[in-house]
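# Tertiary structure, described
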Amino acid sequence: MASPSMRWIDDGCNVDGGNPGLTREKLFVLVVADDALVRKVHEKLVSKLKVAKQVQTQTAANRKEALDLHLSGSSFDIILMDMQMPIMDGPEATKELRAMGVESMIVGVTSVDATADKEAIVEAGLDECLAKPLTAEKIKYLVETLERNK
Amino acid sequence: MERNNQLHRQVALMRQSLFDQGYLDEQFVQLEELQDDTNPNFVEEVVTLYYRDSARLVASIEQALDNRPLDFNRLDSYMHQFKGSSSSIGGRKVKAECSQFREYCRTGNGEGCIRTFQQVKREYATLRKKLEAYFQLARQAGPRDTASRST
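Owing to the predicted nature of the structure, the values given are computational and were not obtained by experimental measurement.

So, on to the overall build of chain A. Within chain A one finds five helices and six strands. Order of helices (α) and strands (β) in chain A, N terminus to C terminus: β-β-α-β-α-β-α-β-α-β-α. Across the 150 residues of chain A, 54% fall into the buried class. Of all intrachain contacts in chain A linking residues separated by at least 6 positions in sequence, the fraction that spans at least 24 positions is 71%.

Moving on: the UniProt feature "modified residue: Phosphohistidine" (unreviewed entry) in chain B. Feature annotation in UniProt assigns "modified residue: Phosphohistidine" (unreviewed entry) to the following positions: B:His80. Relative to the elements of secondary structure, B:His80 occurs in helix H4 (residues 72–88). Apart from residues no more than four positions distant in its own chain, B:His80 is found in contact with A:Gln84, A:Ser111 and B:Arg102.

In this section: the UniProt feature "modified residue: 4-aspartylphosphate" (unreviewed entry) in chain A. All names here are of chain A. What UniProt calls "modified residue: 4-aspartylphosphate" (unreviewed entry) maps, in this numbering, to Asp82. Along the chain, Asp82 falls in strand S4 (residues 78–82). Note on Asp82: relative accessible area 3%, which makes it buried. Every residue in contact with Asp82, bar those within four places of it in the chain, is listed here: Val32, Ala33, Val38, Gly90, Val109 and Lys132.

Our focus in this paragraph is the pairing of strand S5 (residues 105–110) of chain A. Residues and elements named next belong to chain A. Most of S5 is tucked away, with six of its six residues classed as buried. Residues Met105, Val107 and Val109 point to one face of S5 and Ile106, Gly108 and Thr110 to the other, with burial holding for every one of them. Here S4 pairs with S5 via five bridges, running parallel. From the neighbouring strand, Ile79 faces S5, where its bridge partner is Ile106. Inspection of the sheet shows S5 paired to strand S6 (residues 128–131) by four bridges, in the parallel sense. Looking across to S6, one finds that Val109 is bridged to Leu130.

Moving on to the interface of chain B and chain A. Of the residues lining the interface, 20 residues belong to chain B; the matching set on chain A comes to 13 residues. Buried area between chain B and chain A, both sides added, is near 1,400 Å², and the carbon and sulfur share of it is 60%. Its largest share of buried area at the contact with chain A, chain B owes to B:Leu34, B:Leu49 and B:His80, together 31% of the area lost on that side. Measuring nitrogen to oxygen at the nearest pair gives 3.0 Å for the salt bridge that ties B:Asp36 to A:Lys48. The interface formed by chain B and chain A contains four residue pairs in polar contact (both at pLDDT 80 or more). Those elements that provide at least two residues to the side of chain B that touches chain A are helix H2 (26–34), helix H3 (42–66) and H4 of chain B. Ranked by the residues each element gives to the side of chain B that touches chain A, the list is headed by H3(B), at seven residues. Here the residues of the side of chain B that touches chain A are counted per class, giving seven nonpolar, eight polar and five charged.

Here the focus is the confidence of the model for chain A. Put simply, chain A has an average pLDDT of 80, and 77% of its residues get 70 or more. Ranking the elements of chain A by mean pLDDT puts strand S1 (residues 3–8) of chain A last, at 37, and strand S2 (residues 26–32) of chain A first, at 95.

Scoring rules and cut-offs
Residues numbered from 1 in each chain as written. Chains lettered and ligands numbered in written order. Predicted model: local features only at pLDDT ≥ 70, side-chain atom pairs only at ≥ 80, totals over all residues. Heavy atoms only, no water. Helix = DSSP H or I, 4+ residues; strand = E, 2+ residues; numbered from the N terminus. Buried < 20%, exposed > 50% of the residue type's maximum accessible area, 1.4 Å probe, protein only. Contact = heavy atoms within 4.5 Å. UniProt positions renumbered as here; feature names shortened; annotations may be inferred. Pairing = 2+ DSSP bridges. Buried area = accessible area lost by both parts, 1.4 Å probe. Salt bridge = Lys/Arg side-chain N within 4 Å of Asp/Glu carboxyl O. Polar contact = N/O pair within 3.5 Å; in protein donor to acceptor, adjacent residues only side chain to side chain. Nonpolar A, V, L, I, M, F, W, Y, C, P; charged D, E, K, R; others polar. pLDDT = per-residue confidence, 0-100.

Take a look at the structure:
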C-alpha cells in the first residue's frame with residue numbers, strides 16, 4: 001500500500017544560508033521498490049536531506065501503486081525507480097508513466113554493472129540512472145539538476 | 001551510572017569489532033546516520049527486514065539447487081537480490097560470498113555454486129548472530145546522551 005510521510009526540515013527559516021538547495025520550497029519524492037528494505041532506506045535517506053524547506057516522500061511497492069498514485073492526481077518532483085525488481089518491471093513502469101504524461105524526473109536505481117547501459121536508460125524514459133547504494137550526495141545532485149532545469 | 005557507562009563501552013567495542021573483523025562496512029554507518037529521535041530503532045528495523053528477505057531468498061536458492069539441471073540464470077537472479085540486500089546493510093563478508101556464487105553461476109559451475117552457497121549461509125548465520133547480540137546489548141544499554149561513532 002502506498003504510504004505518505006512528510007518531514008518539515010525547518011519552520012521556513014533558511015537553516016543553511018549558503019546552501020542553494022534550500023531556495024527550494026518543496027520537494028516531493030516517490031520511492032518505487034518492491035523490497036520493503038529498499039523502500040525504507042531510500043525514503044529515510046530522502047526525508048533527512050536538507051534540500052528543501054519541506055520534503056515529502058511517498059512509497060509504492062509495485063508498478064500498479066505507482067501508476068495509481070498518478071491517476072489519483074499525485075505528482076512528484078523526483079521518482080526513484082528501483083530497477084532491480086523481479087516482480088515489478090522498472091523500465092516498463094517508467095514507460096507507462098511517461099505515456100501517461102508524467103514529466104517528473106525519473107531516476108533508475110540499480111546495481112553498478114547495470115548503469116552502463118545508457119541506451120536502455122534513455123529508451124525507458126529515465127532521466128538518470130544511479131548505482132546503489134544511494135547516498136545523500138547522489139540525491140543532492142538530483143535536486144541540483146532539478147533546480148538547473150527549472 | 002557506572003554500570004550504564006560500562007554497558008555503553010561494551011556496545012561501542014562490540015560495534016567496532018564488527019568492522020575490524022570485516023563483517024560490516026561503511027554502508028552500516030550510513031544506516032546509523034539515518035537513525036534519529038523520530039526513528040530511534042531505524043537500523044534494527046532495517047536489519048530485521050534484511051533477515052526476512054534473507055530467509056526467503058535462502059529458501060528459494062536451496063530449492064533451485066535441488067533442481068536438475070541447474071538453472072544458473074534463476075540462481076544468479078536470486079543471489080543478485082541477496083547480494084543487494086546484504087550490501088544495503090553493510091554485510092561485507094556475506095556480500096563477498098554472494099559475488100563468488102554469482103561468478104560460479106556465470107561460468108556454469110554447479111559444484112562451485114553448491115559449495116559456495118554453504119559459505120554464504122555460514123557467513124549470513126554468523127553475521128546475524130553477531131548483529132542480534134549487538135542490538136540486544138545496545139537495547140540493554142539504552143540511549144546515550146552523546147553518541148560517538150568511528151569505524
